[in-house]
Structure formats: structure tokens, C-alpha cells
Amino acid sequence: MSTLKEILTRRPVAATIRLTVPAGGARPAPPVGPALGQYRLNLMAFCKDFNARTQKYKPDTPMAVTITAFKDNTFEFTVKSPSVTWYLKKAAGIESGSGRPGHVIATTLSVRHIYEIAKIKQSDPYCQYMSLESICKSIIGTANTMGIKVVRDLD
């Protein structure tokens, strides 16, 4: 149950905006500018904060960001690490997965690659309470749907 103080200090939410922005590459041009501009948010403040938070990643790494816009023209945002499919494609060195997953194998990866991706994804807000084993199983399932075969050791 919420206390009276919590209810009174809540700010009304105008919108929740979900974007995919390259790491360190937020600029007040599309897609960031129009998405934030329609809610009258401070574009430069978002760009500076986002670029500062994502400077440890390589440039042009696609970062998923969720922006909560409030009615008083303020905002909060959370940055998630890149998607599992992006990591799998980078580890495998391919542009896209198989056109017919389950029939045509695009490439193979070792369990060590899966483990390294899982360690990175464990820092995500949605995965922080999941065990490393369950994250690995989820990544293996994603790899199978992309036509990537997971083997114990690469020959």
C-alpha cells in the first residue's frame, strides 16, 4: 500500500518512449529529436546524459533506451545493453541469421561465446535476478531461432 507522501510526490506521466539509439551517437536529429520534441523535452540534456552513460560501449552499438516523459516536461531514462541477436551476430561474424532456421545452419558458436554474452546481459535491469544458467538457456534458444548452432567446442 502506498503512503500519502508517495502518492503526493508522484509525477503524472505524459508518455513512455522506446528508442534504439547508437551508443555515444545521440543527436537532436531524427529519430531522437522528433520523438522527444513532441513532448517538449530538453533534447540536449538527453543527448548529453545518454552519450555520457554509453561512452564505455563501442560507437554505433545499438542501445535500447526507455524514456519516461512527465507532464512537467522532465524525463527519466534507462539504458539497456544491446540485444542478444546483435551480440550473437557479432560473435558469429554474420550480417543476418538463417533464412530458414532449423533447416539451414548459418554458422556455429561455442558455449563459451554464449556464456560471455550471458555475463554481459546479466547487468540488464530485467535480467539481474535471473541465474546465469537461465540466461544462457534463453540465449541458446535465440541462437536456434536465428539458425546458429551451439556446440560444446569449436573444432
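On a predicted model such as this, the values are computed, not experimentally measured, just so you know.

**Q** Tell me what's going on with helix α3 (residues 43–53), and back it up with residues and numbers.
**A** Along α3, the residues classified as buried are Phe46, Cys47 and Phe50. On an axial view of α3, the arc spanned by its buried residues comes to 100°, and they lie on one face. Looking at the packing, one finds that the buried side of α3 touches β1 (13–22), α2 (32–37), β2 (62–70) and β3 (75–80). Of the residues flanking the start of α3, the one acting as N-cap is Asn42, its side-chain oxygen 3.3 Å from the backbone nitrogen of Met44.

**Q** Would you mind going over helix α6 (residues 132–145) in detail, with residue names and values included?
**A** For α6, with 14 residues, the first-to-last C-alpha span of 20 Å sits near the 20 Å given by 1.5 Å per residue. Within α6, the full set of buried residues consists of Ile135, Cys136, Ile139 and Ala143. End-on, the buried residues of α6 take up no more than an arc of 100°, which puts them together on one face. Opposite the buried face of α6, by more than 90 degrees, sit the exposed residues Glu133, Lys137 and Thr145. Just beyond α6, the residue with positive phi is Gly147, at close to 85°.

**Q** An account of unusual backbone geometry is requested, with residue identities and associated values reported.
**A** Geometrically, the link from Pro30 to Pro31 is a cis peptide bond, its omega value of 5° lying close to zero. In this structure, Pro31 sits in the loop between β1 and α2. Phi at Arg40 takes a positive value of approximately 55°, unusual for a residue other than glycine. On the secondary structure map, Arg40 appears in the loop between α2 and α3. Relative accessible area serves as the criterion here: at 68%, Arg40 is assigned to the exposed category.

**Q** Tell me about the sheet that holds β2, and name the residues and values.
**A** With antiparallel pairing, the three strands of this open sheet are ordered in space as β1-β2-β3. Each edge of the open sheet is held by one strand with a lone partner, namely β1 and β3. Ignoring strand direction, the axes of neighbouring strands in this sheet form an average angle of 20°. Taken together, the six bridges between β2 and β3 define a ladder with antiparallel strand orientation. Counted as the bridge partner of Ala64 is Lys80 from β3. Each of β1, β2 and β3 touches α3; the most contacted strand, β3, lies at about 30° to it.

What counts, and where the lines are drawn
- Residues numbered from 1 in each chain as written.
- Predicted model: local features only at pLDDT ≥ 70, side-chain atom pairs only at ≥ 80, totals over all residues.
- Heavy atoms only, no water.
- Buried < 20%, exposed > 50% of the residue type's maximum accessible area, 1.4 Å probe, protein only.
- Helix = DSSP H or I, 4+ residues; strand = E, 2+ residues; numbered from the N terminus.
- Arc of directions from axis to C-beta.
- Contact = heavy atoms within 4.5 Å.
- Polar contact = N/O pair within 3.5 Å; in protein donor to acceptor, adjacent residues only side chain to side chain.
- Expected span 1.5 Å × (residues − 1).
- Pairing = 2+ DSSP bridges.
- Axes fitted to C-alpha atoms, helices over the stretch in contact; angles between N-to-C directions.

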